[in-house]
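# An overview of the molecular structure
Residue strings, one per chain:
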Amino acid sequence: MMPAPGKSAGAPSRPTVRQPAPGLAGSATVEFVFVMPFVLILLAAVWDLRQHIAFRTELAREMYAVAEAISDDRDGVSPLQSAVAAIEARFRDRSTSGLVRAVVAGRGTQRADGTACPDPGWCPPVVLAVWPASATDTAGKWETVVGQNACSPPSMAFPAVGAHFAAGQNVLPHEGDAPDGGTPPAEGTWVSRNMSPLEWWVVVDTCIEPEPGLLMGRIRTVYQLMLDTSFVWQRRAVWRSIHERGDCDWC
């Protein structure tokens, strides 16, 4: 058989290599340059979110562990200061500011109008022990910049030892809140207003402003005069002791 014109006999045919259209390689580079910053921002945001969730979870676990430990310690001196110090030690280096308070509450003896509580009948709790003893005490309070503490809300002020919780002042988180579209429950129906004389509860209030994180920290640095990207977490943990009130030496 004769070879086709222009081809020599026995010479293998070579595949045709298509050249990329002009501008396609440059277009991919431009897309990469523009897309990569958004990918990095997304990764930083995901990292911040994971750190945020992990921090909240750890804080909640630590608060309940401390409240339970206090409620199980009945002998000797008050464990409030030493137990609450564990929260500060764990979160101080990872936060911009913070505040921790603790109180022990039991059934009181009189209502807000000064009348004696009937038995049976509801009664506001009374403070058996509180730490720190004074609302102006700086113990359990920290800040990286002096005078810039986001954790000094009035709602975290407990009554003094021997004083009753005020009318409408909750002990359990969100106690007394009105349901959606409804009216708030009567104070006499609150769980904390129906404690038995043998009960005592440990309440730990924590307010922490975490460090802003990888992405939020950069945003705060750039727009620190115009944008506040801080988070302030206020949490309350309440633990009922399994022991009777009369068995506690320090409370």
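Refer to the structure printed above.
In this report, we go over the structure that sits alongside the text. Note that this is a predicted model, so its numbers are computed, not measured. (Residues numbered from 1 in each chain as written. Predicted model: local features only at pLDDT ≥ 70, side-chain atom pairs only at ≥ 80, totals over all residues. Heavy atoms only, no water.)

## Some words on the state of the cysteines
Which entries qualify depends on this criterion: Disulfides are defined in this document as cysteine sulfur pairs within 2.5 Å. For every residue, the accessible area obtained with a 1.4 Å probe (protein chains only) is divided by the maximum for its type, and the residue is called buried under 20%, exposed over 50%, and partly exposed between those limits.
All chains considered together, the criterion is met by 2 disulfides. A sulfur-sulfur distance of 1.9 Å marks the disulfide that ties Cys117 to Cys123. One disulfide, between Cys117 and Cys123, carries an S-S torsion of 65° and so falls in the right-handed class. The burial state of Cys117 is the same as that of Cys123; both residues are buried. Between the sulfur atoms of Cys248 and its disulfide partner Cys251 the distance amounts to 2.1 Å. Relative accessible area serves as the criterion here: at 7%, Cys248 is assigned to the buried category. Judged by relative accessible area, which is 18%, Cys251 ranks as buried. Numbered by position along the chain, the disulfide-linked cysteines of the protein chain connect as 1-2, 3-4.

## Digging into the pattern of salt bridges
This is how the line gets drawn: A pair is scored as a salt bridge if a Lys or Arg side-chain nitrogen falls within 4 Å of a carboxyl oxygen belonging to Asp or Glu. Only DSSP runs of H or I covering at least 4 residues are called helices, and only runs of E covering at least 2 are called strands; the numbering of each starts at the N terminus.
Summed over the entire model, instances satisfying the criterion amount to 7 salt bridges. With a closest N to O distance of 2.7 Å, Arg236 and Asp205 form a salt bridge. Here Asp205 lies in strand β4 (residues 200-210) and Arg236 lies in strand β5 (residues 233-240), a separation of 31 residues in the sequence. Arg236 gets classed as buried once you look at its relative accessible area, which sits at 16%.

## Let's talk about the pairing of strand β1 (residues 95-107)
Each regular strand shows side chains that alternate between the opposite faces of the sheet. Note the cut-off: When DSSP finds at least two bridges between two strands, those strands are taken to pair.
In terms of burial, β1 is a largely internal element, 13 of the 13 residues being buried. For β1 and β4, the ladder comprises 11 bridges, and the chain directions are antiparallel. Looking at β4, one finds that Val104 is bridged to Val202. Two strands pair when backbone bridges link them, and β1 and strand β3 (residues 141-143) are joined in this way by 3 bridges, in the antiparallel orientation. Looking across to β3, one finds that Ser97 is bridged to Glu143. Sheet topology places β1 next to strand β2 (residues 125-131); 6 bridges connect them, and they run antiparallel. Within the sheet, the bridge partner assigned to Val103 lies in β2 and is Val130.

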